[in-house]
Amino acid sequence: MATTAVLDVDGFDEERSLDMLPAALLETIMTKLDVASLCSLASTCKTLKSCVSRVLTFTPNFHLFNVSLSMETVRPLLFPNQQLSSLKLDCGRLGNSAIDVLARPSLREISLHNCRDFSGDLISEIGRKCKDLRLLCLGSVAEKVGRTVTRGALEDLLNGCSHLEVLALMFDLSLYLRPDDGRIFGLASDKLTHLELGHISSRMMTQLLTSTGQDSVRALRNVQQLRLSVDCITDAVVKAISNSLTSLIDLDLRDAPLEDPRQLSDLTDFGLQEINRNGKLKRLSLIRSQEFHSAYFRRVSDQGMLFLAGKCLGMESICLGGFCRVTDAGFKTILHSCASLSKFSVYHGPKLTDLVFHDVLATALSLSHVSLRRCHLLTDHAVQKLVWNLKLENLDLRGCRNIRDEALQAISHLRKLKVLLLDGTDVSDTGLSYLREGVWDSLVSLSVRGCRNLTDKFMTTLFDGPSKLALRELDVSNLPNLTDAAVFALAKSGAPITKLQLRECRLIGDPSVMALASTRVYEDECPGSSLGLLDLYDCGGITQLSFKWLKKPFFPRLKWLGITGSVNRDIVDALARRRPHLKVSCRGEELGIDGEDDWDSADIQQHMEAEEDELEQWILGDEGDVEMEDAEEESDDEGSEEEEED
C-alpha cells in the first residue's frame, strides 16, 4: 500500500495512505504539473505511477527539453495521448522512425531541437498531418551525414500548415535550396507574424522579397519579427526587407563571411538609410561575426549611423556588431536620438571609447541592458558614467581588457543588477570584493573567465558564510591561480548554483568534485542537488577518483558535464551509458544553451532547476551500475599492474 508521512496537529507523525484519496483528485492536481515533475512523481509509488500514466493520456502539453529521450521511452509516453496540443522535445536520440509518434493532427505547437538524424520526411509529414499548427520550431534538421531536405518537403509544410503564425527553421536552408527556390515561401500562411531561418543566402532572400517574388511578399506582409542568418548582409537585402515587410517590429540580421565582401556585396551607409522606412521598428540587431574570418562592416561610417539615428527615434533595443569604422560620434548619435532605448549593445567596436558615455546623464535614457563586448578602448571612466543609470540589470563587459577595480567599485551600487560578465578584464580580488557590499544579493549570473589576476581570495570573500544568494550561474574558467580551496568556499556557503564552469583551471582536482557532490544547498536537502551543468574540461587535477562521485545518487540534476576524455576513456564512456540523459562532452565545446538566442531558454531553465533524479529512475530503472563498476575495476587493475612493473 502506498503511504506518505504527515505531521498531525499534535506534532506526531502519522502514516496516511494515498490509496484513500480519490484518483480523480490526484489526477486533477497533477494536471497543474509539467512533464518532468510528473515523471518524478511516478517513480515514488505505484499509486502515483498509475495516476501519472492516465494523466499523460490527456495532458495538452508535453514539454521536455533538457532530457533527450529514446524511441522506446517516447512512444509509450506520447502515443496514447490523442489530445496533445503542444509538443517540445530534445530529439537528440530520435530519428525518422519517430515521425509517426511526433507528427499528429491534434498539435498546435511543435518545437523540436537537435533533429540531426531526421530527414526532410519530418518536415513533409508535419505538413501533411498537422493542419491546425500555429507554431513550428525545428532545429538542426538533417545535419547527420546521409540525411537531406528537399524542396518538396518544404512545399508540403507550407501548403499543409495554412494557419502558421510562428515559423523557425533553424538549419542551413542554403544546402538544399537554389537561390530562386526562395519563391516557395509564397506558399506560407498569411497569418505568419514571426519568421526565423537558421541560414539562407542573401541572394535568395533578396529575390524572395523583390519583384520576382510578389506572391512571397503578399504571404509575408504580416511578419512582425524577422531573424535571419545570411552569408553576407548587403544593401540589397536590407532594402528588400524594409520595402516589403511593412509590419516589421523586430529585425535581427547576422552574418559570418568567409572572406571580406566586395563593395557591391556589402552593407554601406546607404543601406542603413533604408532601415525602418515605415517607422515601426522597436528592436534592431545587425551583427557581423568574426567566427570564420576577421570581417567587419568596413563600408559603414559615422554618416551611416547618422542616417540610422534619424530612423530610430522610437527604438527600444539596438545591437550593433562589427562596425569597425564607426567612432564615438556615430554611437553617441544613436544614444542621444533614441529616448526610449532600454537595451544597447556594441560588439567588436574598436573605435568606441569612454567619450560615448561622457554626457549620458544629459539624456533621458533608462537603460536596463548594456553590452560592450570586446570594446578594448573602454576604461573604468565609462563604467562610472554608466552606473548613474541605477536601473541596469544586465552588464556585459567581456573582452574590455582596460576595465579594472575602479569600475567594480562603481558597479557595486547597482542594486538591481542581475547579470555581470567580466571575462578577460583586468580586475583583481580587491575589485571583486566590492561586489559584496551592495550588488551581491541581487546577482543571478557572474562570469570572470580569463581574469588572470584572480586567486582563491575573491571566492572566499564573496562566499564567506551562509546567506540567501540569488546567484545561479558562475563561470570561473581559465583562472590559473584558482585552487580547490575556492570550490570549498563555494560548497560551504550552500549557494544554489545550477551552472558552474571551472574549465581550464589547472589546479582544480578531485577534492573539488567531492566537495560539490557532498554539498547540501539551503534550498534542498538532497546532496549536490542544485547543479545542472558542471564544466571540468582540462582541469589538471581530475582523475578517475572523480568519476566515483559523478555516479548516482550524487549530482541528481546534472544534465551537462564537461570533462577531459583522456582521463580514462572507458570510465567516461561507462558514465555516459549509465546516465544516458547526462550530456558528457570531452572535446572542449561549450555546454548548455544560449539563452539570448533561444526562444524557449526560460522554459528550459525552469525545467533544469525543477527536475530531480526520479525522472531518470522512472525511465531507466537501475540498470548499468555493474557496467561502470567493471570499468572502474579494470582501470584500477591496470594501475596496479603499472605499479608492480615499476
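This structure is a prediction, so every number in the text was calculated from the model and none was measured.

Remarks on the overall build of the protein chain
From N to C terminus, the protein chain includes 24 helices and 22 strands. The 646 residues of the protein chain split such that 54% are buried. Sequence-distant contacts in the protein chain: of pairs separated by 6 or more residues, those separated by 24 or more amount to 75%. Carbon and sulfur atoms form 49% of the exposed surface of the protein chain, whose accessible area is close to 27500 Å².

Quick word on the pairing of strand E6 (residues 135–139)
Within E6, 4 of the 5 residues are buried, which leaves it mostly tucked inside the rest of the structure. Summarising the sheet, strand E5 (residues 109–113) and E6 pair through 4 bridges and their orientation is parallel. In the strand pairing of E6, Ile110 is matched with Leu136. Handedness of the crossover joining E5 and E6 through helix H6 (residues 120–129) is recorded here as right-handed.

Brief notes about the packing of helix H8 (residues 202–209) against helix H10 (residues 235–244)
Axis separation between H8 and H10 bottoms out at 9 Å; the angle between their running directions is 30°. As the angle between them shows, H8 and H10 are arranged roughly parallel. Along this stretch, H8 crosses H10, giving a crossing that reads as left-handed. Every residue of H10 that contacts H8 at Ser202, Met205, Thr206 and Leu209 is listed here: Ala236, Val237, Ala240, Ile241 and Ser244. Classifying every residue of the contact of H8 with H10 gives 6 nonpolar, 3 polar and no charged.

What about the packing of helix H2 (residues 35–42) against helix H3 (residues 46–55)?
Running from N to C, H2 and H3 cross one another at 150°; their axes reach a closest spacing of 8 Å. Residues Leu38, Leu41 and Ala42 of H2 lie in contact with H3, whose contacting residues are Leu48, Lys49, Val52 and Val55. Of the residues belonging to the contact of H2 with H3, the class tally is 6 nonpolar, no polar and 1 charged.

A word on the state of the cysteines
A full pass over the atoms with the stated rule returns 0 disulfides. Among the cysteines around Cys400, which has no disulfide bond, Cys375 carries the closest sulfur, lying 5.4 Å off. The buried category is assigned to Cys400, whose relative accessible area is 0%.

Some words on the pattern of salt bridges
A side chain of one charge can pair with a side chain of the opposite charge if their charged atoms are brought near each other. Per the stated rule, a full pass over the model turns up 31 salt bridges. Put simply, Lys144 and Asp117 hold a salt bridge, and the shortest N to O gap is 3.6 Å. Linking Lys144 in the loop between E6 and helix H7 (151–160) with Asp117 in the loop between E5 and H6, this pair joins segments that are 27 residues apart in sequence. Put simply, Arg134 and Asp132 hold a salt bridge, and the shortest N to O gap is 2.5 Å. What emerges from the salt-bridge pattern is a single network uniting Asp100, Glu125, Arg128, Lys129 and Asp156.

Points about H7
All of the buried residues in H7 are Ala153, Leu154, Leu157, Leu158 and Gly160. Along its buried surface, H7 packs onto H6, E6 and strand E7 (166–172).

As for the packing of aromatic side chains
The relative placement of two aromatic rings is captured by the distance of their centres and the angle of their planes. Under the definition given, this model contains 4 aromatic pairs. When the ring of Trp549 is compared with that of Phe554, the centres are 5.0 Å apart and the planes differ by 45°; the resulting orientation is tilted. Owing to a relative accessible area of 23%, Phe554 belongs among the partly exposed residues under this scheme. The ring of Tyr347 has Arg373 lying over it, and the distance from NZ or CZ to the ring centre is 4.4 Å.

Some remarks on a nonpolar patch on the surface
A surface patch of nonpolar side chains, about 260 Å² in accessible area, is lined by Leu21, Leu25 and Ile29. For Leu21, the location among the structural elements is in the loop between strand E2 (13–17) and helix H1 (23–30). For Leu21, a relative accessible area of 39% corresponds to the partly exposed category.

Things to note about the pairing of E7
Across the 7 residues of E7, 5 count as buried, placing the element largely inside the fold. Where E6 meets E7, 5 bridges bridge the pair, whose relative direction is parallel. Directly across from Cys137, in E7, lies its bridge partner Ala168. Regarding topology, H7 serves as the crossover connection from E6 to the parallel E7, and that connection is right-handed. Summarising the sheet, E7 and strand E8 (residues 194–200) pair through 5 bridges and their orientation is parallel. Its bridge partner being in E8, Val166 is matched across the sheet by His194.

Quick look at the nonpolar core
With 185 residues, the main nonpolar core has Ile126, Ile411 and Leu446 as its most contacted residues. Looking at this core, the element that brings in the most residues is H2, giving 5 residues. With sequence-adjacent residues up to four places away left out, Ile126 is seen in contact with Ala103, Ile110, Leu133, Leu136, Leu138, Leu157 and Cys161.

Some remarks on unusual backbone geometry
The phi angle at His348 is positive, at roughly 55°, despite the residue not being glycine. Tracing the backbone shows His348 in the loop between strand E13 (343–347) and strand E14 (369–371). Even without being a glycine, Glu504 presents a positive backbone phi close to 65°. The topology assignment puts Glu504 in the loop between strand E19 (499–501) and helix H19 (510–517). Among the residues examined, Glu504 registers a relative accessible area of 32% and is labelled partly exposed.

Comments concerning the environment of Ser265
Structurally, Ser265 is set in the loop between strand E10 (250–255) and helix H11 (269–274). Here the alpha-carbon distance between Ser265 and Thr234, two residues 31 residues apart in the chain, equals 5.6 Å. If we ignore the near neighbours within four places in the chain, the residues touching Ser265 are Cys232 and Thr234.

Points about H1
When we look at burial in H1, the residues that qualify are Leu26, Glu27 and Met30. Projected down its long axis, H1 shows its buried positions confined to an angular sector of 95°, all on one face. Next to the buried residues of H1 lie H2 and H3.

Things to note about the environment of Leu414
Tracing the sequence through the fold places Leu414 in the loop between helix H15 (405–411) and strand E16 (419–421). With a relative accessible area of 0%, Leu414 lands in the buried category. Put simply, Leu414 and Leu390 are 24 residues apart on the chain and 5.6 Å apart in space, counted from C-alpha to C-alpha. Ignoring anything within four residues of it in the chain, the contact list for Leu414 reads Val387, Asn389, Leu390, Leu392, Val439 and Ser442.

Criteria and cut-off values
Throughout, a residue's number is its position along its own chain's written sequence, starting from 1. Under the rules for a predicted model, residues below a pLDDT of 70 receive no local features and side-chain atom pairs below 80 are neither given nor counted, while totals for whole chains, interfaces and linings still include all residues. Calculated side-chain values reflect all of the structure's heavy atoms, with hydrogen atoms and water omitted. Labels follow the DSSP assignment, with helices taken as runs of H or I lasting at least four residues and strands as runs of E lasting at least two, numbered in each case from the N terminus. Burial classes follow relative accessibility: with a 1.4 Å probe on protein chains only, a residue under 20% of its type's maximum area counts as buried, one over 50% as exposed, and anything between as partly exposed. Should any heavy atoms of two residues lie within 4.5 Å, those residues are counted as being in contact. The Shrake-Rupley method, run with a 1.4 Å probe sphere, supplies the accessible areas, and residue values consider only the shown protein chains as cover. The rule for pairing is simple: two strands pair if DSSP sees at least two bridges between them. For the handedness criterion, the strands are oriented away from the viewer, and a crossover whose path from the first strand over the helix to the second runs clockwise is classed as right-handed. A fitted line through C-alpha atoms serves as each axis, taken over the contacting stretch for helices, and the angle formed by two N-to-C directions is quoted from 0 to 180°. Working definition: roughly parallel below 35 degrees, roughly antiparallel above 145 degrees, roughly perpendicular at 65 to 115 degrees, and oblique for all remaining angles. Left-handed describes a crossing whose near helix is turned anticlockwise from the far helix through less than a right angle; right-handed describes the clockwise counterpart. Gly counts as polar in this scheme, as do all residues outside two lists: the nonpolar Ala, Val, Leu, Ile, Met, Phe, Trp, Tyr, Cys and Pro, and the charged Asp, Glu, Lys and Arg. The disulfide criterion used throughout: a pair of cysteine sulfur atoms within 2.5 Å. Criterion for a salt bridge: a side-chain nitrogen of Lys or Arg within 4 Å of a carboxyl oxygen of Asp or Glu. Pairs were defined over the aromatic rings of Phe, Tyr and Trp, the Trp ring being its six-membered one, requiring ring centres within 6.5 Å. Orientation was assigned from the angle between planes: stacked under 30 degrees, edge-to-face over 60, tilted for the rest. Charge-over-ring contacts are defined here by two conditions on Lys NZ or Arg CZ: a distance within 6 Å of the ring centre and an angle within 35 degrees of the ring normal. Like-charged residues are merged into a patch within 9 Å and nonpolar side chains (Val, Leu, Ile, Met, Phe, Trp, Tyr) within 5 Å, provided each residue has over 30% relative accessible area and no salt bridge. To form a nonpolar core, buried Ala, Val, Leu, Ile, Met, Phe, Trp, Tyr and Cys residues must be joined to one another through side-chain atoms within 4.5 Å. Each C-beta atom gives one direction from the helix axis, and the arc is the one those directions make.

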